[in-house]
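# Summary of the model geometry
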Amino acid sequence: QAQLAESGGGPVTAGGSLRLSCVASTRTVSRYLTAWFRQAPGKEREYVAGISRSGGTLDYADSVKGRFTISRDNAKRTVYLQMNSLKPEDTAVYYCAASGSNSDSWMTTRKEREYDHWGQGTQVTVSS
(Lines give C-alpha, C1' and ligand atoms only; values in the text may rest on other atoms or scores of the structure.)
Protein backbone atom coordinates (compact mmCIF):
# COMPACT_ATOMS: atom_id res chain seq x y z
CA GLN A 1 0.00 0.00 0.00
CA ALA A 2 1.66 3.20 -1.23
CA GLN A 3 1.77 6.13 1.18
CA LEU A 4 2.29 8.64 -1.64
CA ALA A 5 0.50 8.73 -4.98
CA GLU A 6 1.41 10.99 -7.90
CA SER A 7 -0.95 12.10 -10.64
CA GLY A 8 -1.18 14.73 -13.35
CA GLY A 9 1.47 13.52 -15.75
CA GLY A 10 0.92 13.05 -19.45
CA PRO A 11 1.96 14.24 -22.89
CA VAL A 12 2.45 17.95 -23.49
CA THR A 13 4.04 20.09 -26.17
CA ALA A 14 7.08 22.27 -25.52
CA GLY A 15 6.12 25.53 -23.85
CA GLY A 16 3.06 24.00 -22.25
CA SER A 17 2.19 23.42 -18.62
CA LEU A 18 1.24 20.59 -16.30
CA ARG A 19 0.44 20.39 -12.61
CA LEU A 20 1.48 17.28 -10.76
CA SER A 21 -0.12 16.26 -7.49
CA CYS A 22 1.21 14.05 -4.73
CA VAL A 23 -1.38 12.85 -2.24
CA ALA A 24 -0.35 11.30 1.06
CA SER A 25 -2.38 8.43 2.45
CA THR A 26 -2.19 9.74 6.02
CA ARG A 27 -2.12 13.15 7.62
CA THR A 28 1.19 12.31 9.30
CA VAL A 29 2.97 11.67 6.00
CA SER A 30 1.26 14.68 4.42
CA ARG A 31 3.11 16.92 6.88
CA TYR A 32 6.60 15.54 6.12
CA LEU A 33 9.37 17.36 4.34
CA THR A 34 8.57 16.58 0.70
CA ALA A 35 10.38 16.78 -2.62
CA TRP A 36 9.98 15.97 -6.29
CA PHE A 37 12.56 13.91 -8.14
CA ARG A 38 12.63 12.81 -11.76
CA GLN A 39 14.32 10.13 -13.81
CA ALA A 40 14.78 10.28 -17.56
CA PRO A 41 15.59 7.20 -19.67
CA GLY A 42 19.22 6.20 -19.26
CA LYS A 43 19.85 8.77 -16.53
CA GLU A 44 20.05 8.73 -12.76
CA ARG A 45 17.23 10.06 -10.66
CA GLU A 46 17.68 13.77 -9.99
CA TYR A 47 16.30 16.28 -7.54
CA VAL A 48 13.76 18.76 -8.90
CA ALA A 49 12.22 20.72 -6.03
CA GLY A 50 11.60 20.53 -2.32
CA ILE A 51 9.29 22.06 0.24
CA SER A 52 9.60 22.26 4.01
CA ARG A 53 7.00 20.88 6.40
CA SER A 54 5.41 24.27 6.85
CA GLY A 55 5.58 25.18 3.18
CA GLY A 56 7.57 28.27 4.06
CA THR A 57 10.85 27.18 2.46
CA LEU A 58 11.03 26.24 -1.23
CA ASP A 59 14.04 24.88 -3.10
CA TYR A 60 14.61 24.24 -6.82
CA ALA A 61 17.21 22.65 -9.01
CA ASP A 62 18.84 25.15 -11.34
CA SER A 63 17.35 23.38 -14.36
CA VAL A 64 13.78 24.20 -13.30
CA LYS A 65 14.18 27.41 -11.32
CA GLY A 66 11.84 30.09 -12.62
CA ARG A 67 9.67 27.57 -14.46
CA PHE A 68 8.44 25.17 -11.76
CA THR A 69 6.68 25.96 -8.50
CA ILE A 70 6.29 23.57 -5.59
CA SER A 71 3.55 24.12 -3.04
CA ARG A 72 1.59 22.21 -0.45
CA ASP A 73 -1.86 22.11 1.06
CA ASN A 74 -1.62 20.04 4.20
CA ALA A 75 -5.37 20.15 4.74
CA LYS A 76 -5.72 18.29 1.44
CA ARG A 77 -2.71 16.06 2.17
CA THR A 78 -1.25 17.18 -1.15
CA VAL A 79 1.99 18.58 -2.53
CA TYR A 80 1.89 20.12 -6.00
CA LEU A 81 4.42 20.76 -8.72
CA GLN A 82 3.29 23.39 -11.21
CA MET A 83 5.42 23.04 -14.33
CA ASN A 84 5.40 25.88 -16.86
CA SER A 85 7.42 26.52 -20.02
CA LEU A 86 8.11 22.82 -20.34
CA LYS A 87 11.06 21.66 -22.42
CA PRO A 88 11.78 18.29 -24.03
CA GLU A 89 14.55 17.76 -21.49
CA ASP A 90 11.90 17.79 -18.76
CA THR A 91 10.67 14.44 -20.07
CA ALA A 92 10.96 11.93 -17.24
CA VAL A 93 9.09 9.91 -14.69
CA TYR A 94 8.38 12.26 -11.80
CA TYR A 95 8.36 10.95 -8.24
CA CYS A 96 7.34 12.56 -5.00
CA ALA A 97 9.21 11.65 -1.85
CA ALA A 98 8.82 12.45 1.82
CA SER A 99 11.17 12.37 4.78
CA GLY A 100 9.96 11.05 8.10
CA SER A 101 12.76 12.76 10.02
CA ASN A 102 11.77 15.20 12.72
CA SER A 103 13.10 18.19 10.83
CA ASP A 104 12.50 21.81 11.64
CA SER A 105 9.65 23.40 9.75
CA TRP A 106 12.00 25.46 7.56
CA MET A 107 14.36 22.66 6.48
CA THR A 108 14.78 21.13 3.02
CA THR A 109 17.27 18.65 1.59
CA ARG A 110 18.33 17.50 -1.88
CA LYS A 111 19.79 14.21 -0.70
CA GLU A 112 17.82 11.33 -2.16
CA ARG A 113 18.76 8.92 0.62
CA GLU A 114 17.19 11.15 3.24
CA TYR A 115 13.74 10.47 1.76
CA ASP A 116 12.18 7.25 2.97
CA HIS A 117 8.68 7.43 1.45
CA TRP A 118 8.24 7.31 -2.32
CA GLY A 119 5.41 7.29 -4.80
CA GLN A 120 5.34 5.10 -7.88
CA GLY A 121 5.85 7.96 -10.32
CA THR A 122 3.95 9.70 -13.09
CA GLN A 123 5.21 10.03 -16.66
CA VAL A 124 5.72 13.47 -18.20
CA THR A 125 6.52 13.54 -21.90
CA VAL A 126 7.33 16.87 -23.56
CA SER A 127 7.44 16.90 -27.35
CA SER A 128 9.06 19.51 -29.58
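Being a predicted model, the structure only gives us computed values, none of them experimental.

## Looking at the overall build of the protein
- Of regular secondary structure, the protein possesses one helix and eleven strands.
- The C-alpha atoms of the protein give a radius of gyration of 13 Å, which matches the 14 Å a tight globule of 128 residues would have.
- Considered along the principal axes of its C-alpha atoms, the protein spans approximately 40 × 30 × 30 Å.
- Classification of the 128 residues of the protein by burial places 44% in the buried group.
- Of all intrachain contacts in the protein linking residues separated by at least 6 positions in sequence, the fraction that spans at least 24 positions is 61%.
- Working note: accessible area of the protein is about 6,600 Å², and carbon and sulfur atoms make up 45% of it.

## Brief notes about the state of the cysteines
- Applying the stated criterion across every chain yields a total of one disulfide.
- For Cys 22, the disulfide goes to Cys 96, at an S-S distance of 2.1 Å. A torsion of 65 degrees about the S-S bond marks the disulfide between Cys 22 and Cys 96 as right-handed. Remark: Cys 96 occurs in strand E9 (residues 92–99) and Cys 22 occurs in strand E3 (residues 18–24); sequence separation between them is 74 residues.
- Relative accessible area serves as the criterion here: at 3%, Cys 22 is assigned to the buried category.
- Of the residues examined, Cys 96 reaches a relative accessible area of 0% and is grouped as buried.

## Let's talk about the pairing of strand E1 (residues 4–7)
- The alternating pattern of E1 places Leu 4 and Glu 6 on a buried face, while none of Ala 5 and Ser 7, on the opposite face, is buried.
- Here four bridges tie E1 to E3, and the two strands are oriented antiparallel to one another. For Leu 4, the partnering residue across the bridge sits in E3 and is Ala 24.

## Quick look at unusual backbone geometry
- Located in the positive-phi region is Arg 77, a residue other than glycine, with phi close to 55 degrees.
- Turning to its location among the elements, Arg 77 is positioned in the loop between strand E7 (68–73) and strand E8 (78–83).
- Residue classification places Arg 77 among the partly exposed positions, given a relative accessible area of 29%.
- In the Ramachandran plot, Ser 85 falls in the positive-phi region, its phi being about 50 degrees despite a non-glycine side chain.
- By the element assignment, Ser 85 lies in the loop between E8 and E9.

Scoring rules and cut-offs
Residues numbered from 1 in each chain as written. Predicted model: local features only at pLDDT ≥ 70, side-chain atom pairs only at ≥ 80, totals over all residues. Heavy atoms only, no water. Helix = DSSP H or I, 4+ residues; strand = E, 2+ residues; numbered from the N terminus. Rg over C-alpha atoms; globule rule 2.2 N^0.38 Å. Buried < 20%, exposed > 50% of the residue type's maximum accessible area, 1.4 Å probe, protein only. Contact = heavy atoms within 4.5 Å. Areas by Shrake-Rupley, 256 points an atom, 1.4 Å probe, with all protein chains shown as cover. Disulfide = S-S within 2.5 Å. Pairing = 2+ DSSP bridges.

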